[in-house]
Protein chains: 2
Amino acid sequence: MRERSLVIPRPSVRTMTAAVDVALLTPRDRRLAVLLLRADARARDRWLLPWDAPRSDESPDETALRVARSVLGVPPAAIDQIGAFGDGRRHPGDAQLSISFVGLVPQGAASESIDGAAWVEIDQLPLLAPRHRAVAEAAVAAVRSRIDQAPLAFRLLPAAFTLSELQSIYELLLGRALHKASFRRALQAAFLVEPTDEWRSEGRGRPAQLYRYAPRRRRGTRRGVRFDSIA
Amino acid sequence: MRERSLVIPRPSVRTMTAAVDVALLTPRDRRLAVLLLRADARARDRWLLPWDAPRSDESPDETALRVARSVLGVPPAAIDQIGAFGDGRRHPGDAQLSISFVGLVPQGAASESIDGAAWVEIDQLPLLAPRHRAVAEAAVAAVRSRIDQAPLAFRLLPAAFTLSELQSIYELLLGRALHKASFRRALQAAFLVEPTDEWRSEGRGRPAQLYRYAPRRRRGTRRGVRFDSIA
DNA sequence: TCAATAGTGTCTGTTAGACATTATGGA
DNA sequence: TCCATAATGTCTAACAGACACTATTGA
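Residues numbered from 1 in each chain as written. Chains lettered and ligands numbered in written order. Predicted model: local features only at pLDDT ≥ 70, side-chain atom pairs only at ≥ 80, totals over all residues. Heavy atoms only, no water.

Q: What is the right way to look at the sheet that holds strand 8 (residues 160-162) of chain A in this model?
A: Two modes of strand pairing occur in sheets, parallel and antiparallel, and in both the strands are linked by backbone hydrogen bonds. Residues and elements named next belong to chain A. Ordered by their spatial adjacency, three strands build an open sheet running 8-10-9, and the pairing between neighbours is antiparallel. The outermost strands of the open sheet, each flanked by one partner alone, are strand 8 and strand 9 (193-200). Ignoring which end each strand starts from, the neighbouring axes of this sheet average 45° apart. As defined by bridge partners, strand 9 adjoins strand 10 (residues 208-213) across five bridges and the pair is classed as antiparallel. Note that in strand 10 the partner of V193 across the bridge is Y213. (Pairing = 2+ DSSP bridges. Helix = DSSP H or I, 4+ residues; strand = E, 2+ residues; numbered from the N terminus. Axes fitted to C-alpha atoms, helices over the stretch in contact; angles between N-to-C directions.)

In structure tokens form, the structure reads like this:
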């Protein structure tokens, strides 16, 4: 047995039941949608987030990636940890601890007909275990709050996209309309995208040039602090 | 035993050993410092972050607050979850899972002489279990990335502070110098602080007026997207 | 032709940063 | 007095947002 310091008692760990929950998000019809699994083939109106327990010698990140792949068939474009939920809210597997992740799936890459699964708009979540509802809501909040820190918007789009599509993603995540000319000017100044030589015509109107995400360099400016977003 | 769906195999949870790790941060001498505990009264050069296992019926947040209080004597000015670390990096209690938190302690409120503890600048971390080093670094990164989303800077200052002190905190967290006049203009426009009728004289120079954090209202403007911070 | 969308040029009010200046204390 | 710091006014370049306009397709 180890000696203990007189000053600081050495704590000991506790065992808890743990699960990894994954909220996969994709843009659909100008809204964000999350992938839900039917809880039971018979219960039509009971749903779950994809989840599993970590296997031995598997880190939570690896578990999350495995869960996402098993549901989507392919890995998501991005996957990030949201946090650990361990309050009283019930988990479908009765895990004491939920290590939760958000994954981003490009628009259109989400095959419609995953067996027993459905993309559901985040404003219209059905009956869901309270823990899973909290995870889904935290996933959306996490993406919204990180949109201006990481190139998340590009993870919600295919490799080639129009600038209007990109602006739509930003408007979706920011929850407000943006000015077209300003958006493009700022985008051009940031050297984040480059045009391809392809064009896409959708319905009426002039065809749009396709762009790809190609961050080149950071501009030197780095303007001052913005207190606007602070509560 | 529960019936299992034919479509979706119902996962089951796994038990893991878990700990709650807390990185307490305070500004010291134009640097960020983290509170470390001596691992052992005899081993002078082995250190730990404050940590403990969650008690039964205690959420991780409650555990973190309890750990922080027990070390500081008082609750921290803010405490937020960073994430769950569960990779191979070793934890001092050999926990498989670390639920980690960052707590903010106002400048000066950190009593110097907590028995067996020391504030250490984050650039000069001593020998530390790899998991704890990762947590400490993630704590700093989390505060830095949230500085423009939440009024964290005010949690690192006492209730009354000078504008130069506030600017120092921002410079500390942003890692770059700010323009004084611009900083104050932006601050005034955001209605985040109000002057008190007290002044403080430190060494030479004109005494500075003390301000307090008093967010009044959000300005209506909400300007456009900034791509600068995106990689 | 009209409708709809893409993309761009110009104007204007706002703002960030530079600079200068005044204010006020301690050494 | 000199020096250091606080606090503020002014100027300018950059930028955000409004608006108008052209371009290009399908109906």
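What follows picks up the thread again.
Q: I keep staring at the packing of aromatic side chains and nothing clicks. Help me out?
A: A ring pair, where both rings are aromatic, is described by two values, the distance of the centres and the angle of the planes. Summed over all chains, the structure comprises 10 aromatic pairs over all chains. The interplanar angle of 50° and the centroid separation of 5.8 Å between the aromatic rings of F154 of chain B and F161 of chain B together place this pair among those described as tilted. Neither F154 of chain B nor F161 of chain B differs from the other in exposure class; each is buried. Through pairs of rings, three or more aromatic residues link up here, namely F154, F161 and Y213 of chain A. (Phe/Tyr/Trp six-rings, centres within 6.5 Å; stacked < 30°, edge-to-face > 60°. Buried < 20%, exposed > 50% of the residue type's maximum accessible area, 1.4 Å probe, protein only.)

Q: What's the story with unusual backbone geometry in this structure? I'm lost.
A: Peptide bonds are mostly trans, and most non-glycine residues show a negative phi. Residues and elements named next belong to chain A. Positive phi values are uncommon outside glycine, yet D29 reaches one of about 60°. With respect to the element layout, D29 can be found in the loop between strand 1 (14-28) and strand 2 (31-38). Of note, the phi angle at D94 is positive, near 60°, even though the residue is not glycine. Examined against the element boundaries, D94 turns out to sit in the loop between strand 5 (78-85) and strand 6 (97-104).

Q: Before we go on, may I ask you to explain the domain arrangement of chain A in this structure?
A: Interface size is commonly expressed as the accessible area that is lost once the parts come together. Residue and element names in this part refer to chain A. As assigned here, chain A comprises domain 1 (18-146) and domain 2 (153-213). The C-alpha-based centres of domain 1 and domain 2 are spaced at 27 Å. Domain 1 puts 14 residues into the contact, and the matching count from domain 2 is nine residues. If you sort the residues of domain 1 by the area they bury against domain 2, R30, Q107 and R144 come out on top, with a joint share of 44%. Scanning the region where domain 1 abuts domain 2 turns up four residue pairs in polar contact (both at pLDDT 80 or more). (Domains from an automatic or database assignment. Contact = heavy atoms within 4.5 Å. Buried area = accessible area lost by both parts, 1.4 Å probe. Polar contact = N/O pair within 3.5 Å; in protein donor to acceptor, adjacent residues only side chain to side chain.)

Q: Help me out: how do you make sense of the pairing of strand 2 (residues 31-38) of chain B in this one?
A: Note on strand geometry: in a regular strand, side chains alternate between the two faces of the sheet. All names here are of chain B. A large share of strand 2 lies buried, amounting to six of its eight residues. Across four bridges, the pairing between strand 1 (residues 14-28) and strand 2 is antiparallel. Bridged to P27 within strand 2 is L32. Hairpin connection of strand 1 to strand 2: two residues between the antiparallel strands, including D29 at a positive phi of 60°.

Q: Is there a simple way to explain the protein's contact with DNA strand D in this structure?
A: DNA strand D sits among 25 residues. The nearest are S182 and R185 of chain A together with S164, Q209 and R223 of chain B. The share of sugar and phosphate among atoms of DNA strand D within 4 Å of the protein is 66%. G205 of chain A is positioned such that a nitrogen or oxygen atom in its backbone is 3.2 Å from a base oxygen of DNA strand D. Between S164 of chain B and DNA strand D, the recorded distance is 2.7 Å, taken from a side-chain N or O atom to a phosphate oxygen. Among the elements that take part in the surface near DNA strand D, helix 5 (residues 180-190) of chain B stands out by supplying four residues, more than any other. Residues belonging to the surface near DNA strand D are distributed by class as follows: five nonpolar, eight polar and 12 charged. (Near = heavy atom within 4 Å. Nonpolar A, V, L, I, M, F, W, Y, C, P; charged D, E, K, R; others polar.)

Q: I would appreciate a short explanation of the side chain of H132 of chain B in the present structure.
A: Residues and elements named next belong to chain B. Among the secondary structure elements, H132 is positioned in helix 2 (residues 130-146). A relative accessible area of 0% means that H132 is categorised as buried. With near-sequence residues (within four places) excluded, H132 lies in contact with D21, L48, L49, W51, H91 and P92.

Q: In this structure, what is going on with the interface of chain B and chain A? I would like to understand it.
A: With 70 residues of chain B at the interface, the matching set in chain A holds 70 residues. Put simply, chain B and chain A have zero salt bridges between them. For the side of chain B that touches chain A, the elements supplying multiple residues, two or more each, are strand 1, strand 2, strand 4 (51-52), strand 5 (78-85), strand 6 (97-104), helix 4 (163-174) and helix 5 of chain B. Counted by class, the side of chain B that touches chain A contains 36 nonpolar, 15 polar and 19 charged residues. Sheet topology note: the strand 1 of chain A/strand 1 of chain B ladder contains five bridges and is antiparallel. Bridging from a neighbouring strand, T17 of chain A pairs with T15 of chain B of strand 1 of chain B. (Salt bridge = Lys/Arg side-chain N within 4 Å of Asp/Glu carboxyl O.)

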